[in-house]
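# Summary of structural features
Spelled out, the chains give:
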Amino acid sequence: MSNRRVLPNEKDVLFGRGFTISAHPGNQKLRQIVDLNKASFAAARKKEKRSMAGDIVQEIQSSHGGRFLMEDPTLEETEASRKVESINDKIWVVVDTERAVDKVMHRLREKERPKPSFETASVSFNPEMLSEGGMQVPSQLFNLNNSSASPSAANVRSGGAVAGEVETIQQQLYAQQLISRGVSPQ
């Protein structure tokens with residue numbers, strides 16, 4: 001691990017937990033690359049697996065210009081430091097290649113979590129969400145002629161179109177959360 005303190009950029013992979021870390025663009029890119037390699041990793045021999053993880057680390061570092069970063073472990077954690085919500089307000093250091101390979105190996109071994117389907121997901125709707133100054137939700141997701149304002153049957157049946165719109169809504173809500181906390185979404 002390097003003692004050099006750095007500010008993360010959007011290409012870096014951040015060690016840690018939680019939505020902010022998971023939503024970081026570098027971590028999302030790592031997940032995409034890992035997802036493309038999971039099947040071959042599962043079929044590989046034990047000796048080949050570490051090499052495959054090393055190749056992914058190399059790809060992140062060279063092709064994407066990313067680094068693998070963790071919060072500086074030499075700093076004493078205080079109550080105030082735990083409340084820091086912005087990635088850029090934390091102190092980060094570059095981890096060594098072995099730790100980066102270990103992180104990638106962990107990701108490659110992870111089992112996929114089942115994604116909720118629209119048939120079983122419940123959708124709650126607050127009409128104030130569409131009001132001026134509230135969160136903006138695409139109205140085409142809802143059948144506004146229905147007093148319950150539930151998702152329209154046509155949109156639920158279309159599946160893929162709704163899923164893409166829901167993902168966009170989630171990204172917009174996340175950006176609004178960041179803005180409300182005084183953090184600029186990137």
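One can find the structure itself at the top, above this paragraph.
Residues numbered from 1 in each chain as written. Predicted model: local features only at pLDDT ≥ 70, side-chain atom pairs only at ≥ 80, totals over all residues. Heavy atoms only, no water.

### Re the packing of aromatic side chains
The test is simple: Stacked, edge-to-face and tilted are the three classes for Phe, Tyr and Trp ring pairs, Trp counted by its six-membered ring, which pair at centre distances within 6.5 Å; planes under 30 degrees apart are stacked, over 60 edge-to-face, the rest tilted. Charge over a ring is defined by NZ of Lys or CZ of Arg lying within 6 Å of the ring centre and within 35 degrees of the ring normal.
One pass over the full model with this rule turns up zero aromatic pairs. Over the ring of Phe 41 we find Lys 49; its NZ or CZ atom is 4.9 Å from the centre of that ring. Lys 103 extends its terminal NZ or CZ atom over the ring of Phe 15, reaching a point 5.1 Å from the ring centre.

### A short note on the packing of helix α3 (residues 46-63) against helix α5 (residues 97-109)
Keep this limit in mind: Only C-alpha atoms enter the line fits that serve as axes; for helices the fit covers just the stretch in contact. Angles between N-to-C directions range over 0 to 180 degrees. Each helix corresponds to a stretch of at least 4 residues labelled H or I by DSSP, and each strand to a stretch of at least 2 residues labelled E; elements are numbered beginning at the N terminus. Any angle that is under 35 degrees is reported as roughly parallel, and any over 145 degrees as roughly antiparallel; angles of 65 to 115 degrees are reported as roughly perpendicular and all others as oblique. The contact criterion used throughout is that any non-hydrogen atoms of two residues lie within 4.5 Å. Think of it as three bins: nonpolar holds Ala, Val, Leu, Ile, Met, Phe, Trp, Tyr, Cys and Pro, charged holds Asp, Glu, Lys and Arg, and polar takes everything else, Gly as well.
As a packed pair, α3 and α5 sit with axes 8 Å apart at the nearest point and diverge in direction by 110°. The orientation of α3 with respect to α5, classified from their angle, is roughly perpendicular. For the pair α3 and α5, contact is made by Lys 49, Arg 50, Ala 53, Gly 54, Ile 56 and Val 57 and by Glu 98, Ala 100, Val 101, Asp 102, Val 104, Met 105 and Leu 108, respectively. Of the residues in the contact of α3 with α5, the class split is eight nonpolar, one polar and four charged.

### What about the pattern of salt bridges?
Quick reminder of the rule: Any carboxyl oxygen of Asp or Glu that lies within 4 Å of a side-chain nitrogen of Lys or Arg is treated as forming a salt bridge with it. Accessibility here uses a 1.4 Å probe with only protein chains present; expressed as a share of the type maximum, an area under 20% marks a residue as buried, one over 50% as exposed, and anything in between as partly exposed.
As enumerated under the stated definition, the model contains six salt bridges in all. Between Asp 12 and Arg 67 there is a salt bridge, with the nearest N and O atoms lying 2.7 Å from each other. Here Asp 12 is found in the loop between β1 (5-6) and β2 (13-14), whereas its partner Arg 67 is found in the loop between α3 and β3 (68-71), with 55 residues between them in sequence. Looking at Asp 12, the relative accessible area reads 0%, which means it is buried. The network of salt bridges with shared partners includes Arg 50, Glu 98 and Asp 102.

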